[in-house]
Amino acid sequence: MNILLIGSGGREHALAWKMAQSPLVDIVHSTPGNPGLDEVGPCFDVAADDIDGLVKLALQVEPDLIVIGPEAPLALGLSDILRARGFDVFGPSKAAAQLEASKAFSKGRMTRYGVPTAAYGEFTEAAPAKAFLATMTAPYVLKADGLAAGKGVVIAETRAQAEAEIDEMLSGKFGAASATLVIEEFMHGEEASVFVLTDGKGAVYLPAAQDHKRVGDGDTGPNTGGMGAYAPAPVVTGEIMARIKREIAEPMLKGMAKDGMPYQGVLYVGVMVTAEGPKVVEFNARFGDPECQVLMKGLAGDVVPVILAAATGGLKGNEAAFEALLELKDFKPSATVVLANAGYPGSYAKGALVKGVSASNALPGVTVFHAGTDVDSDGALIAVGGRVLNVTASGDTLREAVDRAYAGVEAIDWPQGFCRRDIGWRALV
Ligand code: AMP
Ligand code: GLY
């Protein structure tokens, strides 16, 4: 089988690396790819949001399956366009992807299907938004409705800050993405990420993961795309997972299908485990980055059959068979440490040499996934992004996985790089 994978981050490198190990797969093509993906299979240079270019590329490559990594092409309707051309696609339709692309849509669906989440209001005018604040208590959670590259959520400590933020967002702080805003109740608890592979009817759940969003140790400093992750996350006990299935994922999938927007692909459920049980923080229409890296690393079995079934149907009633193929019971504890460029999540320099990736990969249990890397005119590996490498490892225990990942970090020679030193701390204390 021939796969075309769209994207260029650590998430996509991990997916390609894992899918290429399947006996079902002959070749994994990627676009626009990165130097890590280049080692897995051929890379093309069509950007992930160039819809016309991607359709042309698909017609040229004629893949048996197209896997869409990031949210932008999903929100632009790439899945629908490719399906209309007869391709099998892993990734939700434009309508279903609104669960990520519009917070107001997502909250509306949760209300409609009775799914637990923070109480909220939705606004396009400042006066009613400020009046709503008066009914809430601090801290105030303000969210731009649309996609804002992970920056669209502001948590304001005081009412004055929240009011100022309302004015800024509604006057275009995030462009069209903040023309509508959602204000919601602050939820207390611990966050986790749960990934549901689904064809819209049946569903297979991967082990819960936990991301580390803040740039600094001890969860301090500004938010980032994610500085590391690990799985399984013990905060999601068997009982909590059962509630996530019953109270969140099943009613969402059933409701979306009934309302003519069946969800196919991977549903990322961002949950807050509160004193009252799991509640939804957000949905995403794709795998998490860097959560995907630890899930692909930890899975003992073959991921391709379930990805193919999510794209083409046949999951319902056969979940146990797909779980057996994934060898979910033998999932190995895994951790990933993001090596980021000095200055990230602010501005950073591009072009510094990154050495030691092969030495790191040669260590027991370690796999280095590429994110913001490129090669210079001499073919040497250089850093060009904010998050540059994902040093990922599995082990018999999470402790071993984390220690191995940090040993992998030590083998990398890139003085401008930095990482958090406490990945996995919530599970290791
Ligand atoms: P989101 O993009 O919706 O996931 O929000 C980004 C981050 O803001 C989340 O990962 C949470 O840490 C935090 N957050 C969002 N909504 C809430 C909420 N209602 N209560 C507490 N924290 C939240
Ligand atoms: N790791 C968070 C995300 O992918 O949105």
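Conventions we followed
Residues numbered from 1 in each chain as written. Chains lettered and ligands numbered in written order. Predicted model: local features only at pLDDT ≥ 70, side-chain atom pairs only at ≥ 80, totals over all residues. Heavy atoms only, no water. Helix = DSSP H or I, 4+ residues; strand = E, 2+ residues; numbered from the N terminus. Rg over C-alpha atoms; globule rule 2.2 N^0.38 Å. Buried < 20%, exposed > 50% of the residue type's maximum accessible area, 1.4 Å probe, protein only. Contact = heavy atoms within 4.5 Å. Near = heavy atom within 4 Å. Polar contact = N/O pair within 3.5 Å; in protein donor to acceptor, adjacent residues only side chain to side chain. Areas by Shrake-Rupley, 256 points an atom, 1.4 Å probe, with all protein chains shown as cover. Pairing = 2+ DSSP bridges. Axes fitted to C-alpha atoms, helices over the stretch in contact; angles between N-to-C directions. Salt bridge = Lys/Arg side-chain N within 4 Å of Asp/Glu carboxyl O. Nonpolar A, V, L, I, M, F, W, Y, C, P; charged D, E, K, R; others polar.

Colleague: I'm lost on the overall build of the chain in this one. Help?
Modeller: Helix and strand counts for the chain come out as 16 helices and 22 strands. In terms of overall size, the chain behaves like a compact globule, its C-alpha atoms giving a radius of gyration of 21 Å where 429 residues would be expected to give roughly 22 Å. In terms of overall dimensions, the chain has C-alpha extents of about 60 × 45 × 45 Å along its principal axes. Scored against the burial criterion, the 429 residues of the chain give a buried share of 57%.

Colleague: How should I be thinking about the side chain of Arg-11 in this particular structure?
Modeller: Mapping Arg-11 onto the fold places it in helix H1 (residues 10-20). Classification of Arg-11 by relative accessible area gives buried; the value is 7%. Residue contacts for Arg-11: discarding those within four places in its chain leaves Gly-69, Pro-70, Glu-71, Arg-286, Phe-287, Gly-288, Asp-289, Cys-292 and Gln-293.

Colleague: I keep staring at the site of ligand 2 and nothing clicks. Help me out?
Modeller: Inspection of the region around ligand 2 gives Asp-211, Gly-225, Tyr-268, Asn-284, Arg-286, Gly-288, Asp-289, Pro-290 and Glu-291 as its neighbouring residues. Gly-225 is positioned with one of its backbone polar atoms (N or O) 3.4 Å from a nitrogen atom of ligand 2. The side chain of Glu-291 places a nitrogen or oxygen atom 2.8 Å from a nitrogen atom of ligand 2. Protein contacts shield 87% of the accessible area of ligand 2, which totals 200 Å² for the unbound molecule.

Colleague: In this structure, what is going on with the sheet that holds strand E16 (residues 277-284)? I would like to understand it.
Modeller: Backbone hydrogen bonds hold the strands of a sheet together, and the pairing may be parallel or antiparallel. Taken in spatial order, the four strands make up an open sheet running E10-E9-E15-E16, and their pairing is antiparallel. Here the strands that pair on one side only, and so sit at the sheet edges, are strand E10 (203-205) and E16. Looking at each pair of strands side by side, their axes are set apart by 35° on average, direction ignored. Inspection of the sheet shows strand E9 (residues 190-198) paired to E10 by three bridges, in the antiparallel sense. Looking at E10, one finds that Leu-197 is bridged to Val-204.

Colleague: Explain the side chain of Thr-336 to me, please; I cannot follow it from the model alone.
Modeller: Inspection of the secondary structure assignment puts Thr-336 in strand E17 (residues 334-341). The exposure class of Thr-336 is buried, given its relative accessible area of 0%. If we ignore the near neighbours within four places in the chain, the residues touching Thr-336 are Gly-228, Ala-229, Pro-290, Gln-293, Val-294, Asn-390, Val-391, Thr-392 and Ile-423.

Colleague: What am I meant to see in the pattern of salt bridges here?
Modeller: Think of it this way: side chains of opposite charge can pair up when their charged atoms draw near. According to the stated counting rule, one finds 22 salt bridges in the structure shown. For Lys-107, the salt bridge goes to Glu-184, with nearest N and O atoms at 3.0 Å. Taken as a pair, Lys-107 in helix H7 (residues 103-112) and Glu-184 in strand E8 (residues 181-184) lie far apart in primary sequence, 77 residues in all. With respect to class, Lys-107 is no different from Glu-184; both count as buried.

Colleague: It is not clear to me how the sheet that holds strand E6 (residues 140-144) should be interpreted in this structure. Could you clarify?
Modeller: On the basis of which strands lie adjacent, the open sheet formed by four strands has the order E5-E8-E6-E7 and antiparallel pairing. Both edges of this open sheet fall to strand E5 (120-123) and strand E7 (153-156), since each of them pairs with a single strand only. Put simply, the sheet's adjacent strands are angled 20° from each other on average, direction ignored. Along the sheet face, helix H9 (residues 159-170) touches E5, E6, E7 and E8 and points at about 5° away from the line of E6.

Colleague: Got a minute to help me understand the site of ligand 1 in this structure?
Modeller: Around ligand 1 there are 15 residues in total, and Glu-184, Glu-185, Met-187, Glu-191 and Glu-282 lie nearest to it. Here an oxygen atom of ligand 1 and a side-chain polar atom of Lys-103 are 3.1 Å apart. Between ligand 1 and Lys-143, the relevant distance is 3.0 Å, taken from an oxygen atom to a side-chain nitrogen or oxygen of the residue. If ligand 1 stood free it would expose 480 Å²; the protein chains cover 88% of that surface. Elements that contribute at least two residues to the shell around ligand 1 include exactly E6, E7 and E16. Considered class by class, the residues forming the shell around ligand 1 number eight nonpolar, no polar and seven charged.

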